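# Secondary and tertiary structure notes
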Amino acid sequence: MAKESSFDIVSSVDMQEIDNAYGQAKKELTQRYDLKDSGSSIALDKQAKTITVNAPSDFVAGQVTDIIASKLVKRCIDLSAIKWGASENASGGTVRKVANIIEGIDRDTAGKINKDIKAQKFKAKVTIEGDKLRVSSASKDTLQDVISFVKGNDYGQPLQFTNYR
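Residues numbered from 1 in each chain as written. Predicted model: local features only at pLDDT ≥ 70, side-chain atom pairs only at ≥ 80, totals over all residues. Heavy atoms only, no water.

### What about the sheet that holds strand β9 (residues 160–162)?
Sheets are built from strands paired through backbone hydrogen bonds, the pairs being either parallel or antiparallel. Quick note on the threshold: Two strands pair under a simple rule: DSSP has to find at least two bridges between them. Numbering of helices and strands runs from the N terminus; a helix is a DSSP stretch of H or I covering at least four residues, while a strand is a stretch of E covering at least two. Axes here refer to lines fitted to C-alpha atoms; in helices the fit is confined to the stretch in contact. Angles between the N-to-C directions go from 0 to 180 degrees. Between two residues, a contact is recorded if the distance between any of their heavy atoms is within 4.5 Å.
Spatial ordering of the open sheet is given by β7-β8-β1-β9, a layout of four strands whose pairing is antiparallel. Every interior strand has two partners, whereas the edge strands, β7 (125–129) and β9, have only one. Strand-to-strand, the axes of this sheet are offset by a mean angle of 25°, without reference to chain direction. Both strand β1 (residues 5–10) and strand β8 (residues 132–137) contribute to a ladder of five bridges, which runs antiparallel. In the strand pairing of β8, S6 is matched with S136. On top of the sheet, helix α3 (residues 107–119) reaches β1, β7 and β8; it is set at about 175° to β7, its chief contact. Strands β1, β8 and β9 of the sheet are contacted by helix α4 (residues 140–152), whose axis makes an angle of about 15° with β1.

### So, the pairing of β7
As a general feature of sheets, a regular strand has side chains that alternate between the two faces. One ladder, built from five bridges, connects β7 with β8; its direction is antiparallel. Opposite T127, over in β8, you have R134 as the bridge partner. If you look at the hairpin formed by β7 and β8, you'll find two residues sitting between the two strands, and G130 has a positive phi there, around 70°.

### Focus: the pattern of salt bridges
Selection rule: Salt bridges, as used here, are contacts in which a Lys or Arg side-chain nitrogen is within 4 Å of a carboxyl oxygen on Asp or Glu. Buried, partly exposed and exposed residues are distinguished by accessible area as a fraction of the type maximum, computed with a 1.4 Å probe on protein chains only: under 20%, between the cut-offs, and over 50%, respectively.
Per the counting criterion, the structure on display carries nine salt bridges. The shortest N-O distance in the salt bridge between D19 and K46 comes to 3.2 Å. Highlighted residues: D19 in helix α1 (residues 15–31) and K46 in the loop between β2 (41–45) and β3 (50–55), separated in sequence by 27 residues. Overall, D19 belongs to the partly exposed group, its relative accessible area being 22%. Because the salt bridges share partners, they merge into one network encompassing E28, R32, D34 and K71.

### Brief notes about unusual backbone geometry
The backbone of C76 sits at a positive phi, close to 65°, despite the residue not being glycine. Mapped onto the fold, C76 is located in the loop between α2 (58–74) and β4 (82–84).

### Some thoughts on the packing of aromatic side chains
As a reminder, the rule being used: When the centres of two rings from Phe, Tyr and Trp lie within 6.5 Å, Trp using its six-membered ring, the rings pair. Their planes under 30 degrees apart give stacked, over 60 give edge-to-face, and anything left gives tilted.
The final tally for this structure, using the stated rule, is three aromatic pairs. A ring pair is formed by F7 and F161, whose centres lie 5.9 Å apart and whose planes are at 65°; its orientation type is edge-to-face. With F7 in strand β1 and F161 in strand β9, this pair connects stretches of sequence that are 154 residues apart. In this structure an aromatic cluster arises from ring pairing among F7, F161 and Y164.

Here it is as structure tokens:
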């Protein structure tokens, strides 16, 4: 019997790059003329994997989130890894927006990816291992087909393909 080849489907972001983008956005916030004295602030919580924006209005909060997004894109962070919540009223008449940084594939998304791969009838076996999926097959061509199929679908978060053997 032929040796099985495999790869992993994971969803991860480089927190150091997010930290660098956060630093750049914070610096621009203090230097930009229209936002300098607006009372806006950005906070990054690495443990909870959240970015919090405090601003005096929804409009200013939108400008600050655009600055963060532009810095993340320049740092090669996929914006689908950042999920912004709705604006909330905060103390003092300010607005707060919180973004969650998505790390790992949750059970629902993993099940959807598994179901989609099986629906295509690839000769490959998919196993869900925590927050990643392992796809294995005897044919490397089948694995390449699975990779291109998964890349062609949108699952609401960035996916990477690692440990290809």
